[in-house]
Amino acid sequence: MLKCNIGGFCVNIHSRFDFTNNLCRPYIDNGNSEPLFDVRVGESFLKKETEKNSHLTPDIVEHIFLASAFYKKIINFGGFLLHSSCILYKGKAYLFSAPSQTGKSTHTRLWQSVFGKDYVKIINDDMPLVRFTDGIPFACGTPFAGGTNININISAPIGAVVFLERAQQNQIERIQPFSAIPLFIEQTKHFNLDISTYTALLDMIDVLTASIPIYRLRCNKNEDSAILAEKTIVTQE
Amino acid sequence: MKIKEGFLLREIAGGTVVVPVGKTSVDFNGMITLNETGAFLWKQLENDISEEELLRRLLAEYNVTEDLAKKDINAFIAKLKDAGLID
């Protein structure tokens, strides 16, 4: 079991495997904080799911369900995941969200190649945590980062959320909060949330959409898409 | 007539959405956005209600003709039935 501090939340992560324990190591909490909750995956459940997902090894299956348990529980403590590739750029976090296989990671790699890896850090490549401090939304690294597992244990105030769509021509537009709600719900999707948990999630989405700009970026896989996005969403201060 | 259990209606970002909660989210994969009249009708239908009573309440709430109100109600209920949301 490892006591971790993930985005300011202290939790116990129980894993049988090096895979998860290694990913959790940068998040280990050596302080005196009391853990808010524990996440673990039961032996029989793990066995059943590993048989069902025969293309995956047990350590990956366990990791997926630990992530899912973490994200379900954290909602009631004031955080939620947004399925996105999240970068740190000029002190702010920018989250590029879309359904799987759209090219979230592809797009943030374009940012790195255009603006340089020293200036564009991947906070979390698949499931950053969103939380609020004094009403300001922050994106935080977590040990759960989907396919590429790229993550860093840092957090930054959110500059914008960008929903990606594949297109031939690059085009970006700001979208109104209510138009963005279905997109947020789609990319924070959890099965089986009870009413109070779902209400807490919608409360946070409501606050987030009111406090930061949201964009739709139709983009191809060329560097021009990152240049257009940067020019539009990064406010010069 | 009544909407099935397992949905949460919620005002958010200046509009209204309905999302499935609990076990319902396994069968009903998606969400619904409602306009103002839709949200009003949905709230009435959360408890068992007759079509006549629904019409009476809609006419009491909004300044519309009976013909238009009936049309709205029929269209709304047809949509709910199509989506399997009503008992």
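Residues numbered from 1 in each chain as written. Chains lettered and ligands numbered in written order. Predicted model: local features only at pLDDT ≥ 70, side-chain atom pairs only at ≥ 80, totals over all residues. Heavy atoms only, no water.

Participant: Sorry, what's going on with the interface of chain B and chain A here?
Facilitator: The extent of an interface is frequently quoted as the accessible surface area lost upon association of the parts. In this complex, chain B contributes 18 residues to the contact, which on the side of chain A involves 18 residues. Together, B:Arg10, B:Ile12 and B:Ala13 form the three largest contributors to the area buried by chain B at its contact with chain A, with a combined 34%. Ionic pairing is found between B:Arg10 and A:Asp203, a salt bridge with its closest N-O pair at 2.4 Å. Where chain B meets chain A, there are 6 residue pairs in polar contact (both at pLDDT 80 or more). (Contact = heavy atoms within 4.5 Å. Buried area = accessible area lost by both parts, 1.4 Å probe. Salt bridge = Lys/Arg side-chain N within 4 Å of Asp/Glu carboxyl O. Polar contact = N/O pair within 3.5 Å; in protein donor to acceptor, adjacent residues only side chain to side chain.)

Participant: Explain helix α4 (residues 104-115) of chain A to me, please; I cannot follow it from the model alone.
Facilitator: Along an α-helix, residues three or four positions apart point the same way, because every turn accommodates 3.6 residues. Residues and elements named next belong to chain A. Over its 12 residues, α4 extends 17 Å from the first C-alpha to the last, a length consistent with the 16 Å expected when each residue adds 1.5 Å. Among all positions of α4, only Lys104, His107, Thr108, Leu110, Trp111 and Gln112 are buried. Where α4 is buried, its residues touch β5 (84-89), β6 (92-97), β7 (120-124), β10 (155-166), β12 (214-219) and α7 (223-233). One or two residues past the end of α4 sits glycine 116, with phi positive at roughly 95°. (Helix = DSSP H or I, 4+ residues; strand = E, 2+ residues; numbered from the N terminus. Expected span 1.5 Å × (residues − 1). Buried < 20%, exposed > 50% of the residue type's maximum accessible area, 1.4 Å probe, protein only.)

Participant: Can you walk me through the nonpolar core in this structure?
Facilitator: Soluble, globular proteins show a tendency: their nonpolar side chains are buried together. Among the nonpolar cores identified, the biggest contains 32 residues, and A:Phe80, A:Phe184 and A:Tyr198 are the most heavily contacted of them. Of all the secondary-structure elements, those providing two or more residues to this core are β6, β10, α5 (177-187) and α6 (195-211) of chain A together with β1 (7-12) and β2 (15-20) of chain B. The greatest single-element share of this core, amounting to 6 residues, is contributed by α6(A). Other than its neighbours up to four places away in sequence, A:Tyr198 contacts A:Ile185, A:Leu193, B:Leu8, B:Val19, B:Pro20 and B:Val21. In this structure, B:Leu9, B:Leu55, B:Leu80 and B:Leu85 belong to the second largest nonpolar core, which totals 23 residues. (Core = buried A, V, L, I, M, F, W, Y, C linked by side-chain atoms within 4.5 Å.)

Participant: Any chance you could explain the sheet that holds strand β1 (residues 2-6) of chain A here in plain terms?
Facilitator: In a beta sheet, neighbouring strands are held together by backbone hydrogen bonds and run either parallel or antiparallel to one another. All names here are of chain A. Reading across from one edge, β1-β2-β3 is the order of the 3 strands in this open sheet, with mixed pairing throughout. What marks the edges here is a single partner per strand, and that holds for β1 and β3 (37-39). Along the sheet, successive strands turn relative to each other by an average axial angle of 35°, direction set aside. Pairing of strand β2 (residues 9-13) with β3, which is carried by 3 bridges, proceeds in the parallel orientation. Bridging from a neighbouring strand, valine 11 pairs with phenylalanine 37 of β3. Across the face of the sheet, helix α3 (residues 58-74) comes into contact with β1, β2 and β3 while running at roughly 155° to β3. (Pairing = 2+ DSSP bridges. Axes fitted to C-alpha atoms, helices over the stretch in contact; angles between N-to-C directions.)

Participant: Honestly, the packing of aromatic side chains in this entry has me stumped. Any pointers?
Facilitator: To describe a pair of aromatic rings, you give the distance between the ring centres and the angle between the ring planes. Residues and elements named next belong to chain A. Under the defined criterion, the tally for this structure stands at 14 aromatic pairs over all chains. For the ring pair phenylalanine 37 and phenylalanine 70, a centre distance of 6.2 Å and an interplane angle of 45° mean the geometry is tilted. With phenylalanine 37 in strand β3 and phenylalanine 70 in helix α3, the pair connects residues that are 33 residues apart, well separated along the chain. Relative accessible area serves as the criterion here: at 8%, phenylalanine 37 is assigned to the buried category. The class of phenylalanine 70 is buried, set by a relative accessible area of 0%. Considering the side-chain rings of tyrosine 89 and tryptophan 111, the 5.4 Å spacing of their centres and the 85° angle between planes classify their relative orientation as edge-to-face. (Phe/Tyr/Trp six-rings, centres within 6.5 Å; stacked < 30°, edge-to-face > 60°.)

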